[in-house]
Number of protein chains: 2
Amino acid sequence: MPPGNVIGVDLGGTKLLAGAVDSGLVVHHRAWRASRERDQAELLDDLVDAVDELRAAMDWNVDAVGFGIPCLIDQEQGRALMAVNLPIADLAFRDVMSERLGIPVYIDNDANVAALVEQRFGAAQGAENVVMLTIGTGIGGGVVVNGESYRGGSGAGVELGHMVIDMDGPRCQGNCPNRGCLEAVASGTAMIREAERIARENPGTPLAIELERRGTLPGPLITELAHDGDAGARQALEHVGRRLGVGISSLVNIFEPEVVVIGGGVIGAGDLLLEPAREEFRARVLPVLADRPIVPARFGEEAGMLGAACLALDGQVRRTTA
Amino acid sequence: MPPGNVIGVDLGGTKLLAGAVDSGLVVHHRAWRASRERDQAELLDDLVDAVDELRAAMDWNVDAVGFGIPCLIDQEQGRALMAVNLPIADLAFRDVMSERLGIPVYIDNDANVAALVEQRFGAAQGAENVVMLTIGTGIGGGVVVNGESYRGGSGAGVELGHMVIDMDGPRCQGNCPNRGCLEAVASGTAMIREAERIARENPGTPLAIELERRGTLPGPLITELAHDGDAGARQALEHVGRRLGVGISSLVNIFEPEVVVIGGGVIGAGDLLLEPAREEFRARVLPVLADRPIVPARFGEEAGMLGAACLALDGQVRRTTA
């Protein structure tokens, strides 16, 4: 029996994307939810709501749901232990959601599932050792070692975004007490902060006019302005890209992956982000490792959602063959 | 047939320690060599010389030699690829030394072998997931995952010392082109630099008097003065210890080891180094991981040498049972 059809859900710090996906990894429907100032109960309601929307839209049964969560996870118990950017703490996520949805639920770290789908079918296809960073509100990390997810000593996940690159730098966000983490200086949040700083210092520029009009600068707008050639927006992307390159030099010295994949919401910026990252990386990494490529996720912002679907499909295969 | 007797050699950036070790890991003789301004040929001569000294001193046969080298290594070929602090590059180390010594030779990264012996018999006994840092001239890193050495994607080793913690910090040393690596700010070399700075700023203090008399401050002297209560020496150790704690917070967020072991020449400083490291670590690491202990290597400065002996003993067991 083939594993059938599933829903993959990528839960980010400021939005969630769910997709109804068949066993050939074709996406039939998508559902989005923007975040609201929510607590754990509202967050779970939003998840159920998005899944229900997809189930109602489909004319086939959904066999299982996979969730990619930016969170430390106890795999054995299916518990979400702590998240830096979400109101989740010590929650029996798998059991609670499985009870509410009435079908099997699989959970893993969002960047882990993104890394897995990129390694199997995407930008890292053919590589056995991969480091992936998913850059959005925060920075998630996924590591594939010899073709399998590496989840750290206690299996809870590798928090690559919470590696310090600037020890006296800005306070990190959410529940991370550190300073100068990669997430604090190279996430979408950091890019917005940098763009707003540049806008305030350069009144009359497109970036400044947009900031005045909206009161804030959304990430996709910064990327759009940068693609249109706006100097300030490009400067913000370069600032973040260089810091990203510093972090990647550390990660390649540690893990020696064959390839580094960058995904998440920020990757719409493409080479405007990745070129400064590559330049900084090559100037810093141990010379014998300087040839490792840094590439965008093939599945772009959907890598997490498709990875979560893969997780559910894998889980169903194990279930039916067990 | 028991694996017999071996020699373990720990090759550091400024000294080498060799030990004649039996299968019960008892050390019968030791040989030291200080470094000289040497090239690759002289370095190999020193190694052969130290091994020969031990063989001459023993009344039993030496079956094999294990080398721990601060170097990226191609395990399959037995090649030393590149070292940050030694004049070794793309050298068929295992074959060359085996030919010169006339017995089997085994090689691995120095911090990897140190981590292995601490995990089996030392400070990390019972733990399945361990991060070890060996701090001397440079900083080496060893990672044990599920009871086995993790050597990175290409098997060459995890260069934990070349993880950036201060992106605009001092240039790293030797063949590393990076800035603000852990090695650049928390190695024995960094401790000496910091102590000399403090000495110059505080004329008349014991540290300053020693610096004037000798022209430099050797690491062991700084540690000795710190143990005697000298404020400047203690300040230098605290400076380095705090940076060490920053790096450990990153490594624990990434690998989630059950325990972090600190070895190498600097560990003679004990809690004068480790307490500031622990304090900084606990303030920075993700809260759910703050309980992970940071402990000194049980085998202290000899962890690398004993680990290299273990490597040779393991190799002989595989050889005789193959």
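Rules behind the numbers
Within any chain, residue numbers begin from 1 and follow the written order of that chain's sequence. Chains and ligands are labelled sequentially in the order written, the chains with letters from A and the ligands with numbers from 1. Residue-level local features of this predicted model are given only where pLDDT is at least 70; pairs of side-chain atoms are given and counted only at 80 or more, and the full residue set underlies all totals for whole chains, interfaces and linings. Based on all heavy atoms of the structure, the side-chain values leave hydrogens and waters out of the count. Put simply, DSSP H or I for four residues or longer makes a helix, DSSP E for two residues or longer makes a strand, and each gets a number counted from the N terminus. The globule rule is 2.2 Å times the number of residues to the power 0.38, and the radius of gyration it is compared with is taken over C-alpha atoms. By definition, residues are in contact when any of their heavy atoms lie within 4.5 Å. The Shrake-Rupley method, run with a 1.4 Å probe, gives the accessible areas here. Residue values count only the displayed protein chains as cover. Between any two strands, at least two bridges found by DSSP are needed for them to pair. Here an axis means a line fitted to C-alpha atoms, over the contact stretch when the element is a helix, while the angle between two N-to-C directions is reported on a 0 to 180 degree scale. Only one rule defines a salt bridge in this text: a Lys or Arg side-chain nitrogen within 4 Å of an Asp or Glu carboxyl oxygen. For each residue, the accessible area found with a 1.4 Å probe, counting protein chains only, is set against the maximum for its type, and the residue is called buried under 20%, exposed over 50%, and partly exposed in between. Throughout this description, a polar contact denotes any pair of N or O atoms lying within 3.5 Å of each other; where both atoms belong to protein, one of them has to be capable of donating a hydrogen while the other can accept it, and for residues adjacent in sequence the pair is counted only when both atoms sit in side chains. Any angle from 65 to 115 degrees is called roughly perpendicular, while one under 35 is roughly parallel, one over 145 is roughly antiparallel, and all others are oblique. Left-handed describes a crossing in which the near helix is turned anticlockwise from the far one by less than a right angle; the clockwise case is right-handed. Charged means Asp, Glu, Lys or Arg here, nonpolar means Ala, Val, Leu, Ile, Met, Phe, Trp, Tyr, Cys or Pro, and polar covers whatever is left, Gly included. Buried area, as used here, totals the accessible surface that two parts lose on assembly, with accessibility defined by a 1.4 Å probe and the loss added over both.

Asks: Just give me the short version of the overall build of chain A, but keep the residues and values in it.
Replies: A count of helices and strands for chain A gives 10 helices and 13 strands. Against the compact-globule benchmark of 20 Å for 322 residues, chain A has a radius of gyration of 19 Å, which places it among compact chains. Long-range pairs, those at least 24 residues apart, make up 63% of the contacts in chain A between residues at least 6 apart in sequence. In the form shown here, chain A has an accessible surface area of approximately 12000 Å², with 47% of it arising from carbon and sulfur atoms.

Asks: Outline unusual backbone geometry, supporting the account with residue identities and numerical values.
Replies: Residue and element names in this part refer to chain B. A positive phi angle is found at D90, which is not glycine, with a value near 45°. When you line up the elements, D90 lands in strand β7 (residues 89–91). The residue N146 is not glycine, and still its phi comes out positive at about 50°. Position of N146 relative to the elements: it lies in the loop between β10 (139–145) and β11 (148–150).

Asks: Describe the sheet that holds strand β6 (residues 79–82) of chain A, naming the residues involved and giving the relevant values.
Replies: Residue and element names in this part refer to chain A. Strands sit in the order β5-β6-β7 across an open sheet of three strands; the sheet is antiparallel. Each of the sheet's edge strands pairs with one partner strand only, and the pair in question is β5 (72–74) and β7 (89–91). Adjacent strand axes in the sheet meet at a mean angle of 25° when their direction is disregarded. Of the pairings in the sheet, the one linking β6 to β7 comprises two bridges and is antiparallel in character. Paired with A80 across the bridge in β7 is L91.

Asks: So what about the pattern of salt bridges? Which residues, and what values?
Replies: Taken as a whole, this structure holds 38 salt bridges over all chains when the rule is applied. Between A:D314 and A:R120 there is a salt bridge, with the nearest N and O atoms lying 2.4 Å from each other. Placement of A:D314 in helix α10 (residues 303–321) and of A:R120 in helix α3 (residues 110–121) is noted, with a sequence separation of 194 residues between them. A:D314 sits in the partly exposed class, given a relative accessible area of 24%. A residue is classified by how much of its surface remains accessible, and A:R120, at 30% relative accessible area, is partly exposed. With its nearest N and O atoms 3.0 Å apart, the salt bridge here joins B:R79 to B:D90. In this pair, B:R79 is assigned in strand β6 (residues 79–82) and B:D90 in strand β7, connecting sequence segments 11 residues apart. The class of B:R79 is partly exposed, set by a relative accessible area of 26%. One continuous salt-bridge network, built from bridges that share partners, spans A:E238, A:R242, A:E279, A:E280 and A:R284.

Asks: Tell me about the environment of A:Q75, residues and numbers included.
Replies: All names here are of chain A. Position of Q75 among the secondary structure elements: in the loop between β5 and β6. Linking Q75 and I107, residues 32 residues apart in sequence, is a C-alpha distance of 7.8 Å. Setting aside its immediate chain neighbours within four residues, Q75 contacts R94, I107, D108, R151 and G155. There is a polar contact of 3.3 Å between the side chain of Q75 and the side chain of D108.

Asks: Tell me about the pairing of β10(B), residues and numbers included.
Replies: Residues and elements named next belong to chain B. Where burial is concerned, most of β10 is hidden: seven out of the seven residues are buried. Residues I139, G141, V143 and V145 line one face of β10 and the alternating positions G140, G142 and V144 line the opposite face, and both faces are buried. Pairing geometry for strand β9 (residues 130–135) and β10, over six bridges, is antiparallel. Within β10, the residue paired with I135 across the bridge is I139. What sits between the antiparallel neighbours β9 and β10 is a turn of three residues. Strand direction decides the pairing type here: β10 and β11, joined by three bridges, are antiparallel. Paired with V145 across the bridge in β11 is E148.

Asks: Break down the packing of helix α5 (residues 188–201) of chain B against helix α7 (residues 219–227) of chain B for me, citing the residues and quoting the values.
Replies: For any two helices packed against each other, one specifies the inter-axial angle together with the distance between the axes. Residue and element names in this part refer to chain B. Direction vectors running N to C along α5 and α7 enclose 60°, while the axes themselves pass 10 Å from each other. Between α5 and α7, the interaxial angle falls into the category oblique. Here α5 runs over α7; the crossing is left-handed. Where α5 approaches α7, its residues M191, I192 and A195 are matched on the opposing element by G219, I222 and T223. Residues of the contact of α5 with α7, tallied by class, amount to four nonpolar, two polar and no charged.

Asks: Mind laying out the interface of chain A and chain B, listing which residues take part and the relevant values?
Replies: Each partner contributes residues to the interface: chain A has 42 residues there, and chain B has 42 residues. Where chain A abuts chain B, roughly 3600 Å² becomes buried across the two surfaces, and 57% of that area is made up of carbon and sulfur atoms. On the chain A side of the interface with chain B, the three residues burying the most area are A:M167, A:I254 and A:R284, jointly 20% of the side's total. In this structure, the connection of chain A to chain B is made through zero salt bridges.

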